[in-house]
Amino acid sequence: MDEKEQEALKKQRERRKRVQRIRTGIITFISVWMILSIVLTVIMCVKIISLQKQIDVLVGNYDQNKKVENTEAGVQNDDFTVVNSVTDSKDNLAEEGDIHKVYLTFDDGPSENTDKILDILDDYGIKATFFVNGREDEESLAAYKRIVDEGHTIAMHSYSHKYSEIYSSLDAFKKDYEKIQNLIYDTTGVESMYYRFPGGSSNRVSNAHMSDYIKFLNEQGIVYFDWNVSSGDATSQAFTADELVENVMSDVVKYKTSVVLMHDAKTKSTTVQALPEIIEALQKSGALILPIDENTDVIQHTSIQQ
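Residues numbered from 1 in each chain as written. Predicted model: local features only at pLDDT ≥ 70, side-chain atom pairs only at ≥ 80, totals over all residues. Heavy atoms only, no water.

1. Description of a positive patch on the surface
So, point 1. On the surface, Arg13, Arg15, Arg16, Lys17, Arg18 and Arg21 cluster together into a positively charged patch.
So, point 2. Residue placement: Arg16 occurs in helix H1 (residues 3–72).
So, point 3. Exposure remark for Arg16: the relative accessible area of 54% places this residue in the exposed category. (Patch = residues over 30% accessible without salt bridge, like charges linked within 9 Å, V, L, I, M, F, W, Y side chains within 5 Å. Areas by Shrake-Rupley, 256 points an atom, 1.4 Å probe, with all protein chains shown as cover. Salt bridge = Lys/Arg side-chain N within 4 Å of Asp/Glu carboxyl O. Lys, Arg positive; Asp, Glu negative; His and termini not counted. Charge placed at Lys NZ, Arg CZ, Asp CG, Glu CD. Helix = DSSP H or I, 4+ residues; strand = E, 2+ residues; numbered from the N terminus. Buried < 20%, exposed > 50% of the residue type's maximum accessible area, 1.4 Å probe, protein only.)

What follows is the structure, encoded as structure tokens:
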């Protein structure tokens with residue numbers, strides 16, 4: 001074999017090696033790409049399953065929250081009739097020149113926001129009504145006393161505020177009622193005469209007819225109050241302070257007597273922020289801001305069907 005033939009054979013071998021390297025590289029690339037694709041597909045499937053579970057939980061929570069929010073908004077219970085009480089009666093519709101009586105009410109306290117609200121009310125010389133739950137820590141007991149000592153109305157909003165417990169039976173409701181009334185009396189010396197049902201008297205949560213609970217309160221000489229103006233702070237929707245003000249002011253102008261639903265729970269910092277502007281707007285409109293007492297027109301959502 002001469003030199004030229006050897007050179008040609010050498011080049012042929014090198015060419016075969018290059019082809020083999022390219023082929024190996026392509027096979028390796030395709031293999032790695034396929035493996036990565038499988039791994040990424042598995043990861044995506046796992047994430048999709050996880051996200052679906054989270055969505056299912058969120059949807060379930062949303063449905064439950066909407067159920068509770070609807071009770072806070074006074075939605076009709078199929079067992080009751082939402083009547084034209086003072087809430088919607090023609091006698092309560094405001095006309096030009098009428099003086100608006102506005103009752104600011106706060107549910108679900110006490111909390112650290114209760115003291116902040118009391119400070120604001122004191123700054124403006126305003127009295128309000130607090131529908132309290134049962135808490136026996138030192139700060140809460142001090143808040144009950146402060147509410148009474150500063151001339152506000154302390155009212156009952158159940159002890160536990162647990163719908164499943166309070167509305168499980170009339171006996172359970174009675175025990176909860178006695179517990180919150182006794183706590184208020186033992187702490188402040190005041191026998192509270194006013195009650196607000198968790199979720200309002202038209203709630204959809206109760207297992208028993210609300211008429212049973214209403215009759216029980218009537219027998220105790222207790223007046224229950226709902227509301228005809230809502231600030232919107234009961235819902236999960238994150239209203240701004242300005243929106244809370246607008247929600248209140250757009251409705252109080254409709255009525256001679258307005259009972260305004262607000263909350264002083266620990267999560268209601270936006271309510272605290274909105275309160276000064278609400279008070280100033282009401283004062284500018286000439287409204288009287290009052291605490292609930294025996295002279296207050298009763299605002300109720302439901303009527304017991306005989």
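2. Some remarks on helix H5 (residues 170–188)
So, point 1. Over its 19 residues, H5 runs 27 Å from end to end, which matches the ideal 27 Å to within 8%, given 1.5 Å per residue.
So, point 2. Burial in H5 covers these residues: Phe173, Asp176, Tyr177, Ile180, Gln181, Leu183, Ile184, Thr187 and Thr188. The buried side chains of H5 occupy one side of the element, clustering within an arc of 155 degrees when seen end-on. Residues Asp171, Lys175 and Asp186 are exposed on H5 and point more than 90 degrees away from its buried face.
So, point 3. Close packing links the buried residues of H5 with strand S3 (129–132), helix H3 (138–149), strand S4 (153–156), helix H4 (163–166), strand S5 (194–195) and helix H6 (210–219).
So, point 4. Gly189, located one to two residues past H5, shows a positive phi value of around 80 degrees. (Expected span 1.5 Å × (residues − 1). Arc of directions from axis to C-beta. Contact = heavy atoms within 4.5 Å.)

3. Thoughts on the packing of aromatic side chains
So, point 1. A full pass over the atoms with the stated rule returns twelve aromatic pairs.
So, point 2. Ring plane angle 70 degrees and centroid distance 5.4 Å describe the contact between Tyr195 and Phe197, whose orientation is recorded as edge-to-face. Of the two residues, Tyr195 and Phe197, neither departs from the other in class, the shared state being buried.
So, point 3. Taken together, the ring pairs connect Tyr163, Tyr167, Phe173, Tyr177, Tyr195, Phe197, Tyr213, Phe216 and Tyr224 into an aromatic cluster.
So, point 4. If you follow Lys179 out to its NZ or CZ, it ends over the ring of Tyr159, 4.3 Å from the centre.
So, point 5. Directly above the aromatic system of Phe131 lies the positively charged group of Arg196, at a separation of 4.2 Å from the ring centroid. (Phe/Tyr/Trp six-rings, centres within 6.5 Å; stacked < 30°, edge-to-face > 60°. Lys NZ or Arg CZ within 6 Å of the ring centre and 35° of its normal.)

Function-wise, these values are silent; they only describe arrangement.
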